[in-house]
Amino acid sequence: MEFRTRACLVAFGSAIALLCGCAPSERAEQATTRTGASGPDTTVTEELDAPWSIAFHGSTALVSERDSARILEIGTDGTQYEVGVIEDVEPSGEGGLLGIAVREGHLFAYYTTADDNRIERFDLTGQPGNLGLGSGTPILTGLPAATNHNGGRIAFGPDGMLYATVGDAGNRRTAQDRASLGGKILRMTPDGRAPADNPLPESLVYSYGHRNPQGITWAPDGRMLASEFGQNTWDELNLIQPGGNYGWPEVEGIAGRAGFLDPVQQWKPSEASPSGMTTVDGSVYLANLRGERLRRIPLDDLAHSTELLVGEYGRLRDVAVAPDGSLWLLTNNTDGRGDPTDRDDRIVRLGLGT
């Protein structure tokens, strides 16, 4: 596909998912209700290549592609424009160009190089329809990297700080080592420094004992939640407390062991592999890869969830709230583990019922 000169215009369509049924309630798996979405789901754009993250620059959507290392701008009609390519990205396995975030005219990108994972800040230049990437400034380097467990989600919290999820990169012991940045959720200023009120003095570590966290979001009351890939038994939804120890590799899932914080909800990996997440209208929405479903979790009852769009769009990598309040869903079927259709991957604007 070529961009700018011969941009691909989106083919709009709609789908109504009618999913029903009810699963048993068990404490081990928490309580889950299966339901569906109503109203039209509209395709925003198609033919993305292993996309990973959505972020908004004003009203303009930006998307990262893991393997191509491209940042794409999505026009109002679905046209894709290449904003830039991050040259130092070395894609391998689950590594590559991962999470992105935007703040005050800057694009922040979490990506894998030949030596590490890092976060870099780039100037965004130009206007919508002709955005570009200016000079880049690394703000954090030396994060552990591997072909898997790279974490990779970044987002600005309500406190204006930049948060990043970092996987254990296959080295389990680092998750319990508070001197290591592996297996952690980090909190930093926009220039990569440790805030004075972080739980560990002069450290970026905000929480630890994580295996491969890939989603973060905040409730309106300031509560922070994170999604996490487990090993073989349980994937997790965690309520993040400053300085909290979430147990990996000593425990996986709800263990009830002193010194470790249990997840508020857990799922079998075959039904989950939870990745990007967002909060809107009193609920958390959580995209799932292997489970090929979107979960809706009420903020007033974090132990329960509703399953949406099961199998409708395949693997789901990210979900984001657009400036107009709509919910955008990013599929991830072209990353080597999915079963892509002819026009995957895509962004879908959801028409969800209650």
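First things first, this report covers the structure right here in the doc. (Residues numbered from 1 in each chain as written. Predicted model: local features only at pLDDT ≥ 70, side-chain atom pairs only at ≥ 80, totals over all residues. Heavy atoms only, no water.)

Brief notes about the layout of surface pockets
Unfilled space is identified by rolling a water-sized probe across the atoms. Volume-wise, the largest pocket comes out at about 660 Å³. At the level of elements, β3 (51-57), β7 (97-103), β11 (154-156), β15 (212-218), β19 (274-280) and β23 (316-321) are the ones that each hand at least two residues to the lining of the largest pocket. In this structure, the second largest pocket is lined by 25 residues; those nearest its centre are Glu94, Asn212, Phe229, Ser273 and Arg337. Of the residues contributing to the lining of the second largest pocket, the split by class is five nonpolar, 11 polar and nine charged. (1 Å grid on protein atoms, 1.4 Å probe; cavity = no way out; pocket = protein on both sides within 12 Å on 5 of 7 lines; lining within 4 Å. Points joined across faces, edges and corners; volume = space filled by probe spheres on them. Helix = DSSP H or I, 4+ residues; strand = E, 2+ residues; numbered from the N terminus. Nonpolar A, V, L, I, M, F, W, Y, C, P; charged D, E, K, R; others polar.)

Considering the sheet that holds β3
Read from one edge of the open sheet, four strands run β3-β4-β5-β6, paired in antiparallel fashion. Edge positions in the sheet fall to β3 and β6 (80-85), since each has one partner strand and no second. Direction aside, neighbouring strands of the sheet carry axes that sit 25 degrees apart on average. (Pairing = 2+ DSSP bridges. Axes fitted to C-alpha atoms, helices over the stretch in contact; angles between N-to-C directions.)

Here we look at the packing of aromatic side chains
This structure, assessed with the given rule, holds four aromatic pairs. Centre to centre, the rings of Phe56 and Trp328 are 5.3 Å apart; their planes meet at 70 degrees, and the pair counts as edge-to-face. One end of the pair, Phe56, is in strand β3; the other, Trp328, is in strand β24 (residues 327-331), with 272 residues separating them in the sequence. Its relative accessible area of 16% is what places Phe56 among the buried residues. Take Trp328: its relative accessible area is 12%, and that puts it in the buried class. Judged by centre distance (5.1 Å) and plane angle (75 degrees), the ring pair of Phe108 and Phe156 falls under edge-to-face. In this pair, Phe108 is assigned in strand β8 (residues 106-112) and Phe156 in strand β11, connecting sequence segments 48 residues apart. Phe156 carries the same exposure label as Phe108, and that label is buried. Aromatic ring contacts, followed pair by pair, group Tyr163, Tyr206 and Trp218 into a single cluster. The aromatic ring of Phe156 is capped on one face by Arg103, whose charged end is 5.1 Å from the ring centroid. (Phe/Tyr/Trp six-rings, centres within 6.5 Å; stacked < 30°, edge-to-face > 60°. Buried < 20%, exposed > 50% of the residue type's maximum accessible area, 1.4 Å probe, protein only. Lys NZ or Arg CZ within 6 Å of the ring centre and 35° of its normal.)

A look at the environment of Ile54
For Ile54, the location among the structural elements is in strand β3. Residues Ile54 and Gly99, 45 residues apart in the sequence, show an inter-C-alpha distance of 8.0 Å. If we skip the residues at most four places from it in the chain, Ile54 touches Leu62, Val63, Asp318, Ala320, Trp328, Leu330 and Ile347. (Contact = heavy atoms within 4.5 Å.)

As for empty space enclosed by the protein
Under the definition given, this model contains one cavity of 30 Å³ or more. Reported here for the largest cavity is a volume of approximately 30 Å³. What lines the largest cavity is simply Arg211, Glu228, Phe229, Gly230, Trp234, Glu236, Trp248, Val251 and Glu252. Per-class residue counts for the lining of the largest cavity are four nonpolar, one polar and four charged.

As for the nonpolar core
Counting 20 residues, the largest nonpolar core has Ile119, Ile154, Leu162, Leu186 and Met188 as its most contacted members. For this core, the secondary structure elements donating two or more residues are β7, β8, β10 (132-143), β11, β12 (162-166), β13 (184-188) and β14 (205-208). The contact partners of Leu186, leaving out residues within four places of it in the chain, are Leu140, Leu143, Leu162, Tyr163, Ala164, Val166, Leu181, Leu204, Val205 and Tyr206. Judged by nonpolar contacts, the second largest core, of 15 residues, contains Leu62, Ala69, Val89 and Ala109. (Core = buried A, V, L, I, M, F, W, Y, C linked by side-chain atoms within 4.5 Å.)

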